[in-house]
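Listed here are the chains, written in short residue letters.
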Amino acid sequence: MDAQVKSRATKQMMYVAIISMIMMFAGLTSAYVISSKREDWVTFGLPQGLYISSILIMLSSVSYYLAKKNIHKNNRALTTIFLILTLVLAVGFVAFQVKGFNQLREVGLYFTGEGSVVSSSMLVVISFAHLLHVAAGLIVLLVVLINHLRHKYKPNDALGLEVGGIFWHFVDVLWIFLFLFFYFIT
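Below is a summary of the structure that appears in this document. All figures in this text were calculated on a predicted structure; none of them were measured in a lab.

What to know about the layout of surface pockets
Stage number 1. One number sums up the size of the largest pocket: a volume of about 270 Å³.
Stage number 2. Lining the largest pocket, in full, are Ala3, Gln4, Lys6, Ser7, Lys152, Tyr153, Asn156, Asp157, Ala158, Leu159, Gly160 and Glu162.
Stage number 3. Elements that contribute at least two residues to the lining of the largest pocket include exactly α1 (3-35) and α5 (159-185).
Stage number 4. The element that contributes the greatest number of residues to the lining of the largest pocket is α1, accounting for 4 residues.
Stage number 5. Taken together, the residues of the lining of the largest pocket break down into 4 nonpolar, 4 polar and 4 charged.

Some points on the packing of helix α3 (residues 76-106) against α5
Stage number 1. Direction vectors running N to C along α3 and α5 enclose 30°, while the axes themselves pass 13 Å from each other. It follows that α3 is roughly parallel to α5 by the angle criterion. Relative to α5, the crossing made by α3 is left-handed. Where α3 abuts α5, its residues Thr79, Leu83, Thr86, Ala90, Phe93 and Gln97 lie against Leu161, Trp168 and Trp175.

Quick look at a nonpolar patch on the surface
Stage number 1. Together, Tyr51, Leu180, Tyr183 and Phe184 give the surface a local cluster of nonpolar side chains, amounting to about 430 Å² of exposed area.
Stage number 2. Sorting elements by how many residues they give to the nonpolar patch places α5 first, with 3 residues.
Stage number 3. In this fold, Tyr51 is placed in helix α2 (residues 48-72).

Rules and cut-offs
Residues numbered from 1 in each chain as written. Predicted model: local features only at pLDDT ≥ 70, side-chain atom pairs only at ≥ 80, totals over all residues. Heavy atoms only, no water. 1 Å grid on protein atoms, 1.4 Å probe; cavity = no way out; pocket = protein on both sides within 12 Å on 5 of 7 lines; lining within 4 Å. Points joined across faces, edges and corners; volume = space filled by probe spheres on them. Helix = DSSP H or I, 4+ residues; strand = E, 2+ residues; numbered from the N terminus. Nonpolar A, V, L, I, M, F, W, Y, C, P; charged D, E, K, R; others polar. Axes fitted to C-alpha atoms, helices over the stretch in contact; angles between N-to-C directions. Parallel < 35°, antiparallel > 145°, perpendicular 65-115°, else oblique. Left-handed = near helix turned anticlockwise from the far one by under 90°. Contact = heavy atoms within 4.5 Å. Patch = residues over 30% accessible without salt bridge, like charges linked within 9 Å, V, L, I, M, F, W, Y side chains within 5 Å. Areas by Shrake-Rupley, 256 points an atom, 1.4 Å probe, with all protein chains shown as cover. Salt bridge = Lys/Arg side-chain N within 4 Å of Asp/Glu carboxyl O.

Written out as C-alpha cells, the structure reads:
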C-alpha cells in the first residue's frame with residue numbers, strides 16, 4: 001500500500017474512533033447535567049488531585065509534541081527523552097486522579113454505599129471512563145516508545161508515533177474539557 005494512502009486511512013480510522021468516544025462522553029456529561037437538577041444533588045469543590053492531574057496531562061501533551069517534532073528532525077535522543085517524559089507525566093496523571101478520588105472520600109463523598117451522593121458518583125464514573133482511555137493511552141505510549149527504541153520511526157516515516165499522538169492529544173483535550181465541565185457544573 002502506498003505510504004500516503006496508508007497514512008490517510010490509518011488517521012481516518014483513528015478519527016472515527018475518536019468521534020465514537022466523543023459521543024460516549026457527550027452522553028455521560030448530558031446525564032450529569034440532567035442529574036444535577038435532582039433535589040438530592042450535592043455540590044462540592046473539585047479535589048486538589050484533579051487540578052494537579054490536569055496540569056500533568058497538559059504537560060504530557062507538550063512533551064509528546066516535542067517528541068514528534070524531534071523525530072522529524074532525526075534527533076533520536078531528544079525524541080526518546082520526550083517520549084519517556086510523556087510516559088512519566090501520564091503515570092503522574094493517573095496517580096493524581098487516584099489521589100483526587102481519595103480526597104473525595106476524605107471529605108465524605110463516596111462512589112457507592114453509605115455517604116455516596118449522585119454528584120460524586122457521577123464524577124467518579126465519568127473520570128473512571130476517562131481513566132480507561134488513559135490506560136489505553138499508556139499502552140499506546142509504551143508501544144510508541146518501544147517502536148522508537150527499535151528504530152521503527154524515521155524523519156519521513158513516523159506514522160505510529162503520529163497516530164499515537166493523535167490519540168494521546170485527544171485524551172488530553174478530553175480531560176481538559178471534563179475538568180472544566182466539572183469545575184463549572186459542580
